[in-house]
Each structure stands twice: as C-alpha cells, then as structure tokens.
Amino acid sequence: MPGSWVPTVEEVRARQMPPTLLFVRVPEGKTVKNRLHLDVSPIDGSTDAEVARLLGLGAVKVDVGQGPGRSWVVMADPEGDEFCVLRTLAPSGWRIGRERRTRCRVLTVEISTLPRMYRERILLTHPGTSKPKYLELRADGVDLHRSWWTGAGKPQERLKSFGSGRAAREALEKIVTEKMGDGYALLRDVAAAEPGDVVVQCATPAANGTVAFALHPDGGTLAVARGIPDRVRLRLGSEVQTVDLRTGARRVVYADASRSSAVHDMAFEPDGTHLSFTVRNLRDGVDTSHTVELATGHVRRLPRACSGRDAVAGRMLVSDDHTVRVLGPDGRSCLDLPAGEPSRAGAVALSPSGRLVGLIRHPDGRDTEYDLEIWDVDTGRRVLGVPYPFPTVARGVGKLMFDRTEQLLVVSGATWGCGGVSVESGVFCWTIEGGLADVALSPDGTRLAAARVRGPVVVHDAATGQPLEPRFVVPGEPSLTYDTVEFSADGRLLAVGDSPGRVTVFRFDGLEFTAPGG
C-alpha cells in the first residue's frame, strides 16, 4: 500500500508492536470461503454506528449461519471478503437493573480526564551507578531541554528544537519510554503529591507486552512479573522482580526461561514478608504456585495453587486437582468443594472475613454454562445456588470479588463488562457494559476501578455501579492496551499496568469524585 510503514527487525525485537496488515490487490476474484477473516471492535463509538459507517463505504451484511441474537455483525467488503464487527470497546455507559434478565436503563456520560496524555516536564531517577542518577526533560514551546547529573554534580544540558510544541512534547515522551526501558523511573513523594497525581511510573519491558504486578501492603514496593524470551529454544519464560518505589532499585526474585510460561495471581502476604504467585505452563495449562521470602530471596514451591487470603480469620483459598479448599491458619481444611474439570473451571473468591466462598463453575449435566454458588465456610452449607445469571453474551468470568459488606459479589468478564450480584438473591443489582481488562475494589469497598481495554480507568460507586469522574489516563506515549488495575492495601494508591510493560501509580486518597455533570 502506498505510504505503508514496514518495521525493521530491530524495532520488532525491541518492543511490543501491533500486527502489521498488508493488503495487496490481485486480479482474481473470490471463489471459496476465506480461511482467515478479521474481527474488529470499535473503540470510539457504538457497534451500530460502526456498522452504519461501513455500510456507507460499500460493505454489506451477510449470513454465514451465525443465527439471530448475536452480539457481533458479520459483514463483507465489496469483493465478498467476510469480517465481523464485534461489541464496541468504547466506554459508552452503564446499566442498572433490579432483577435478572430485565431491561436496563442506559445512561451516556461525559467524564473529565486527568492527567494530560503528554507532559511538559518530567524528572527521572536511576538507582544504579552506571548512568546519571537524574534526567530532567522539559518541553518549552518548540524547544526540548535535556539535563542530566549525578548527585550534587553540575548538570549537563542539551537543547533541540522541533517544528511545533506538540512535536516537542511527543519527543519528550519518546525519550521517557526509551529511558524507562533502561531502568529510569518517575518517583515522587506520595505525601507531597496532589490527589490524582502520578507518584510512580516505571517500565519493565516484557517480551509478551504485558505485565502482572502487586503492591506491597506498605505501598513502598512493587512486584512485577514479565515474559522473558529464550531466543535459542524459542520459548517465552517468566521473571518476577521487585521495585523499590522510593529509590527505583530492582531485584529479580524468580526467573525461569526453561519453559513457556506466564505468571498470574500475584499477591503479597498480609504481613508483607512473602510474595506468592502462580506460574502457568502454556503448553499443558498446568499451574504451579510459589512463594518468595523477601528478606532472604528463598523461593519455595507450594503444594497447592493459592487463589486468595483473608486478613481476618487467616484463611487461605487453594485449588488442588478437582477441588477448591479453604484452609485455616493451621493448614487444615475448613471446607472442600468439588470444582469439576480444571479445564472447565470458572472463578472463585474468598470474602474479606473468610466466612464466605463464591464459586462460578462449569458442572457436567447442566443446561447452563456456569452455576453461581456461595458457601458458608463455618457451617459448610451452600447459602446460594442459582443458574447462570449473567448476560447471554458473557462467555467466561475473569474475576470474582466480595465487597466489604459481603452483601455484593462483583463479577467481571473480558467480553461483557462486570456486574454486582446480590449475595442474598443472586440477581444483578447493576451492570457495567463494555470490554474490561481488569477491575479492582478499593479496600473500603466503596469504589470499583474498571480498566477499559483501550483505557481509561473509570471509577464507579461499588453500591450502584454509577460511574464517577474524574477518570485515570496513563500519561506518556499511548498505550496499546490497559491490562491490570490494583489498589494498595491502605487505599492511598491506584496502580495501572499497560502494554508494552509500564506500571503507573496514582495517588488515590483525598480525590473528590462526583457523578457526571454533578
């Protein structure tokens, strides 16, 4: 295609990149069904609006046997090549309902944004001795000023001019991305920062473009997991490192490039002495859990995969073969639940008090895809069991969370959004539509942070699902996707992970939220 951009091999290896599509005009017409077709999701408008736009450009709707009531629309270009328009990823609104499968009221909201995408000044810090400790970048009109120094030494300076102020700011952010890949980080004193400000931003270049992370209970350490390549055996292994959020110093606590794997379910123990995480073998889907003693760096493999802990009763939620277990502080089982085939398991959660377990699973011999069950750990009784109460387009549940009152169970899925389910009745109280990468409840249970796949992070009232403003946008070069969101244990910080491997930490406490238009 005229003007198309072809990345070099070095650029592909250096960073995560979106796929490059090359369309070539050929004289032959289409004769058989395409072996490959594209699925596209609108990101700045509704699915219906995108379909109307494509119809105006010459596309047509086609029937390939998909049947009625689908959440996607099958279309074809003027040459007959099929493609699908999927559910929009745009943050178009929220829904609130009073009973399962009811028609819901839809609100469209305008939400203010903080901070701006491009910055005019930034100070980066490097923890090592091989590079200057400080690097300051400042965009002043069309000029970009660069200063660097070590300790109390005299700064060295460089000036470069660009054709516009925007070009200067974009160049600033490009340098920030490059330097963060070299170990530099934005570090600010949380107490001196304003609510909503970025207090930490660092990058852990990941071969797979995504990272998993966890915040230490004291808010001073970040644990980051990333993919590391084994170029000889063409495998993608896993590495876990800790980042000191006061100095930027990093330490690798786990690394394994001998097999294709990915880290998930990473969390610090409530007392902050250990870091636990689960490593999934990407070839056979088998999970193994590990714990690292932070003081010594000793890594120990756990006999079972840990799915959660409570900070009240000291109980731990684990999975073992076909069983979900709740273990007491002494390691003895308090409750055993059959979870069905591991490959067909859903999601599971332990309530904040350790009293309840929520379970979504895929049992055999049922005509619904999942069942939702809630069990009382103390009595061993099932207190709720309802058929699949989620939207019919929801195929897969990514996360379960109880709120602080343990009257609401928050359920999220990557394709349909998330919703609040009544623990007493099992019906939906509210639903947030759209593709979500991750959701997190604030420690006090009043706020739900929802990261859209393409951004931003929108904060909602956890009791009603009402979206609030302002929203959080990762500053710097545009993100490919938002991947993870998490609160610190004390609720002071909100951390967001995006591709290709940045973690941005905002000060969350003290921020005043209002309803849209309020």
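Residues numbered from 1 in each chain as written. Predicted model: local features only at pLDDT ≥ 70, side-chain atom pairs only at ≥ 80, totals over all residues. Heavy atoms only, no water.

## Notes on the overall build of the protein
Point 1. Counting its secondary structure elements, the protein contains three helices and 40 strands.
Point 2. Buried residues in the protein amount to 46% of all 518 residues.
Point 3. Once local pairs closer than 6 in sequence are excluded, the contacts in the protein between residues at least 24 apart make up 44%. (Helix = DSSP H or I, 4+ residues; strand = E, 2+ residues; numbered from the N terminus. Buried < 20%, exposed > 50% of the residue type's maximum accessible area, 1.4 Å probe, protein only. Contact = heavy atoms within 4.5 Å.)

## Quick word on the packing of aromatic side chains
Point 1. Within the structure shown, the criterion is met by six aromatic pairs.
Point 2. On the numbers, 5.0 Å between centres and 65 degrees between planes, the contact of Phe472 with Phe506 is edge-to-face. Of this pair, Phe472 sits in strand 37 (residues 471–472) while Phe506 sits in strand 40 (residues 502–507), and the two are 34 residues apart along the sequence. Residue Phe472 shares its accessibility class with Phe506, and that shared class is buried.
Point 3. Pairwise contacts between aromatic rings join Phe472, Phe487, Phe506, Phe508 and Phe513 into one cluster. (Phe/Tyr/Trp six-rings, centres within 6.5 Å; stacked < 30°, edge-to-face > 60°.)

## Regarding the sheet that holds strand 38 (residues 481–487)
Through backbone hydrogen bonds, the strands of a sheet pair up, either in parallel or in antiparallel fashion.
Point 1. Here five strands make up an open sheet; going across it, the order is 12-13-40-39-38 and the pairing antiparallel. The open sheet has two edge strands with one neighbour each: strand 12 (186–187) and strand 38.
Point 2. Here strand 13 (residues 198–203) runs beside strand 40; their pairing, made up of five bridges, is antiparallel. If you follow Ala203 over to strand 40, its bridge partner there is Arg502. (Pairing = 2+ DSSP bridges.)

## Examining helix 3 (residues 165–181)
Point 1. An ideal rise of 1.5 Å per residue puts 24 Å on 17 residues; helix 3 measures up with 25 Å between its terminal C-alpha atoms.
Point 2. Among the residues making up helix 3, those that are buried are Ala168, Ala171, Leu172, Glu173, Ile175, Val176, Lys179 and Met180.
Point 3. Against the buried residues of helix 3 lie strand 8 (121–125), strand 9 (134–140), strand 10 (143–149), strand 12, strand 13 and strand 17 (250–256).
Point 4. Backbone geometry just after helix 3 places Gly183 at a positive phi near 110 degrees. (Expected span 1.5 Å × (residues − 1).)

## Some points on helix 2 (residues 47–56)
Point 1. Turning to helix 2, its buried residues are Thr47, Glu50, Val51 and Leu54. Take helix 2 and look down its axis: the buried residues cluster within an arc of 100 degrees, on one side only. For helix 2, exposure combined with an orientation more than 90 degrees from the buried face picks out Asp48 and Gly56.
Point 2. On its buried face, helix 2 sits against strand 2 (60–61), strand 3 (73–76) and strand 4 (82–85).
Point 3. Two residues or fewer after helix 2 comes Gly58, characterised by a positive phi angle close to 115 degrees. (Arc of directions from axis to C-beta.)

## Some points on the side chain of Arg315
Point 1. With respect to the helices and strands, the residue Arg315 is situated in the loop between strand 22 (305–309) and strand 23 (316–320).
Point 2. Its relative accessible area of 14% is what places Arg315 among the buried residues.
Point 3. Separated by 2.8 Å, the side chain of Arg315 and the backbone oxygen of Gly354 make a polar contact.
Point 4. In this structure the side chain of Arg315 is engaged in a polar contact, spanning 2.7 Å, whose partner is the side chain of Asp378. (Polar contact = N/O pair within 3.5 Å; in protein donor to acceptor, adjacent residues only side chain to side chain.)

## Here's the deal with the pairing of strand 21 (residues 298–302)
Point 1. As judged from the five bridges shared by strand 20 (residues 287–293) and strand 21, these two strands associate in the antiparallel manner. Each residue of the ladder has a partner; that of His290, found in strand 21, is Arg301.
Point 2. Here strand 20 folds back onto strand 21, and the loop between the two strands holds four residues, one of which, Gly297, carries a positive phi near 80 degrees.

## Looking at the sheet that holds strand 20
Point 1. The strand order 18-19-20-21 describes an open sheet built from four strands, whose pairing is antiparallel. Each end of this open sheet is capped by a strand with a single partner; those strands are strand 18 (261–268) and strand 21. Within the sheet, the average angular offset between the axes of one strand and its neighbour, ignoring direction, is 25 degrees.
Point 2. Bridge analysis of strand 18 against strand 19 (residues 274–281) gives six bridges, and the strand direction is antiparallel. Pairing of Ser261 across the sheet is with Asn281, part of strand 19. (Axes fitted to C-alpha atoms, helices over the stretch in contact; angles between N-to-C directions.)

## Notes on the pattern of salt bridges
Close approach of charged atoms allows side chains with opposite charge to pair.
Point 1. Scanning all chains against the criterion turns up 19 salt bridges.
Point 2. With its nearest N and O atoms 3.8 Å apart, the salt bridge here joins Arg492 to Asp509. Here Asp509 lies in the segment after strand 40 and Arg492 lies in the loop between strand 38 and strand 39 (493–499), a separation of 17 residues in the sequence.
Point 3. Since its relative accessible area comes to 30%, Arg492 is described here as partly exposed. (Salt bridge = Lys/Arg side-chain N within 4 Å of Asp/Glu carboxyl O.)

## Observations regarding the nonpolar core
Point 1. Leu124, Val457, Phe472, Val485 and Leu494 are the most contacted members of the largest nonpolar core, which has 35 residues in total.
Point 2. Looking at this core, the element that brings in the most residues is helix 3, giving six residues.
Point 3. With near-sequence residues (within four places) excluded, Leu494 lies in contact with Ala449, Val457, Phe472, Val485, Glu486, Phe487, Thr504, Val505, Phe506 and Phe508.
Point 4. Counting 17 residues, the second-largest nonpolar core is a separate cluster that includes Ala185, Val199, Val200 and Leu215. (Core = buried A, V, L, I, M, F, W, Y, C linked by side-chain atoms within 4.5 Å.)

## Digging into the environment of Ala76
Point 1. On the secondary structure map, Ala76 appears in strand 3.
Point 2. Counting along the chain gives 18 residues from Ala76 to Gly58, while the straight-line C-alpha distance between them is 9.0 Å.
Point 3. Residue contacts for Ala76: discarding those within four places in its chain leaves Ala59, Val60, Val62, Asp81, Glu82 and Phe83.

## Some remarks on the side chain of Glu136
Point 1. Residue placement: Glu136 occurs in strand 9.
Point 2. Looking at Glu136, the relative accessible area reads 17%, which means it is buried.
Point 3. Among the polar contacts made by the side chain of Glu136, one reaches the side chain of Arg121 at a distance of 2.4 Å.

Nothing here speaks to function; it is geometry throughout.
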